[in-house]
Amino acid sequence: MAWKRRVSKIVFGGVITVAIGIAATGFVIFDRNLNAMQQASQENIAWSASQLERELARFRDSLGVSQAGRSSSSANINQRFDVLWSRIAIFQRGEVGERLQKYDRETNVVGRLFEEIKRLEVDVVSISSFDFTTLAKIHSAIYPYSAELSDLSRRIFVGEEENAAKVRAQMRQGANFALYASILTGILVLGGMIYFVLEGQLFRKMAHENMVLAERFKQASLAKSRFLTMMSHELRTPMNGVLGLLAVARNGEPDPAQKTLLDQADRSANRMLAMLTDILDFAALENAGLALESKPFFTSELLVSLPELLGPVAHQAEARLTVTQAENLPVMLKGDATRLRRAYALMITYFLETAGAREIDLRVGYNDGHLNARILVDYLDGGWSPDLIFGDRGESNESFVSEVLGPSVARALVERMGGEIRLGNRDDGKILLEIDVPVAAMEMRRLKVLLDMQSSPMEMICKSTISDLPVDFLEAGGAGCAEVVMMETGMSGETEKLASIRKKCPSALVFGIGRPEMPELYDFVAEVPLEAALIKTRLSEVLG
Amino acid sequence: MTRLIKPMLIFGLALIAGLPRVAAAQETVLTLVNSNTGIEMALTEAELMALPQTDINTENEFVDGMTRFSGPLGRDLVALMGGGGTSVVLTAVNDYAVEVPVEDFNAYDVVFAVSANDVRFSRRDKGPIWVVYPMSDNKELQDPVYNARLIWQLVRMELK
């Protein structure tokens, strides 16, 4: 293929060079032809020369008439003298004069004639018609010039003819060159076109083959990802079975040695389950099958859920995990809270389980449209560096081991969300990892909620569940409509009550609390015991 | 308005030129003949100079470099003859003659020059009158056809 590309370059360069050469030569020929045409359009100097010869003859005639005693007057002689003088003057000025003089350089007949008539001027001006002596003197003085002027005219005529022949030859040559150049250019262009058409066909064929190969590769990659997804999913089922059986075994009365073994088996099974989940996510990210969400969420929910999620891991690793928030953190954000939580969790889990962290501080702030998480890790053994994992992407991607699967998934998730993970510099030996993800801050407003409960304790429970949210509780039976009505269910006449609420506040969402008779009539159902996270997520969607 | 004044002035000059007592006082430099009307008039140098004078700067193959030519315009002389023709026959003192379309005078400022760079033409040069085309400003005039119309030592102009 490389040789073909080289041949193409040589052909292209050759065509361009030849074309430039033809154009340059054509320009030179054109310029020469233009000069030739200008020359051809110049004054015909042979005519000027013949005029001088003719006027000399007419002057001689006027002298001859007077000598013969006929009617030629001195005025007529003077007039002919002046005209003759003017014809000599033509040889002395302008381009015509220069060109005429070229033919007269050797003989200088015009110059000598001019000197002669200047000498004769006094005689001519003062001549009388019958002054035969002077007439004869003038005549004999200018007589020899007739033959010389005739010879000059002949030389000029022949010379100009030769020049004209040269110009014609030059123009003919130029025309021939233009013809040959046109034919050559045509052949070159045709040849070039044929070559490039063939070349184009070849490249089209190659492009098609490449596309087929790329499609095959894509299908193979998809098949691999699907296999990974399927296998990890399939493996989770027996692993859950293993975990269930381990739980049953632990609920029995194992002796201390057996309990230790069972605990270890349980940890290993949980670890494997987590890895399978990571593989599932990784495969989904690889085949771009992971769709991101953009929903409103409460930042408090995100931060509270992390200690709940990672507490057991931290406890097992005998490490301390603290989660704090900066003062500028908005109450509500819009983004993929689930993926954010997972990215944070994967990172912190990695530090807890692999890096031997003894203390992890996660501080979340908000700067310039980005949610900024600073994970500060104090770990047991100095000298460990997470560069391999968080450094160059290509290196970490191709050489990771099972421990870095989680961070890899976290990084892929963050990058899919348009963010980045970077290592910060610390002098105290701690590791600082920053996760920046662009997340939109939501403008905060307060949600109007009406609690329609059968008992005061139930009302208190509901209030406390959502008390940390920007919520205004409306009085039952008061004026105005709530945006959300939380209605206790499981009592008689609940359907009528629901209809009454719907009628009074058609735009309000009604959350059924408990186990309603007809759950499909409610916008959301929260069973008791209440799962705060679910209710808050639903409320945040209403606020968004 | 100027369109009316100019022919009137020229006509007035024609009347003056036609007076025999004035013409007799000086030598005739240019004879104007209108073959269509039979009018013939002989202009002296003073009468020629009394016509509106125009300057053009041009080169041609008979002068050295750019030269300022002064004299009456060809179209004014045609108007002086009463117009009505399509061509003029210009004749030199040596009887050389050339026929020029009147259209030339309308299309270009063709000057019947009596001087070059303020030096009056003598008969031993191109005098008394040299017909000059503005060749430098009009490339199409740089052609042997127009070179042949640069007639000098002009003495007669006949409108046909």
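### Re the interface of chain B and chain A
Argument step 1. On the chain A side, the residues contacting the 17 residues of chain B number 25 residues.
Argument step 2. Buried area between chain B and chain A, summed over both chains or domains, comes out near 1,900 Å², and the portion from carbon and sulfur atoms is 45%.
Argument step 3. On the chain B side of the interface with chain A, the three residues burying the most area are Glu61, Asn94 and Arg124 of chain B, jointly 41% of the side's total.
Argument step 4. Applying the counting rule to chain B against chain A returns five salt bridges.

### What to know about the nonpolar core
Argument step 1. Counting 78 residues, the largest nonpolar core has Leu77, Val88, Leu90 and Met157 of chain B as its most contacted members.
Argument step 2. No other element matches the eight residues that helix H6 (residues 132-251) of chain A contributes to this core.
Argument step 3. If we ignore the near neighbours within four places in the chain, the residues touching Leu77 of chain B are Leu30, Leu32, Leu43, Leu48, Leu51, Pro72, Phe112 and Met157 of chain B.
Argument step 4. Counting 51 residues, the second-largest nonpolar core is a separate cluster that includes Leu329, Val377, Leu405 and Ala410 of chain A.

### Observations regarding the sheet that holds strand S5 (residues 87-92) of chain B
Residue and element names in this part refer to chain B.
Argument step 1. Pairing in this open sheet of five strands is mixed, and the strands run S2-S1-S11-S5-S6 from one edge to the other. Since the sheet does not close on itself, it has two edges, and those belong to strand S2 (40-44) and strand S6 (97-101), each with one partner. Neighbouring strand axes in the sheet, compared pairwise and without regard to direction, differ in orientation by 20° on average.
Argument step 2. Bridge count between strand S1 (residues 28-34) and strand S11 (residues 154-159): four bridges; the pairing is parallel. Paired with Asn34 across the strands is Leu159, a residue of S11.

What counts, and where the lines are drawn
- Residues numbered from 1 in each chain as written.
- Chains lettered and ligands numbered in written order.
- Predicted model: local features only at pLDDT ≥ 70, side-chain atom pairs only at ≥ 80, totals over all residues.
- Heavy atoms only, no water.
- Contact = heavy atoms within 4.5 Å.
- Buried area = accessible area lost by both parts, 1.4 Å probe.
- Salt bridge = Lys/Arg side-chain N within 4 Å of Asp/Glu carboxyl O.
- Core = buried A, V, L, I, M, F, W, Y, C linked by side-chain atoms within 4.5 Å.
- Buried < 20%, exposed > 50% of the residue type's maximum accessible area, 1.4 Å probe, protein only.
- Helix = DSSP H or I, 4+ residues; strand = E, 2+ residues; numbered from the N terminus.
- Pairing = 2+ DSSP bridges.
- Axes fitted to C-alpha atoms, helices over the stretch in contact; angles between N-to-C directions.

It is worth stressing that arrangement in space is one thing and function is another; only the former is reported here.
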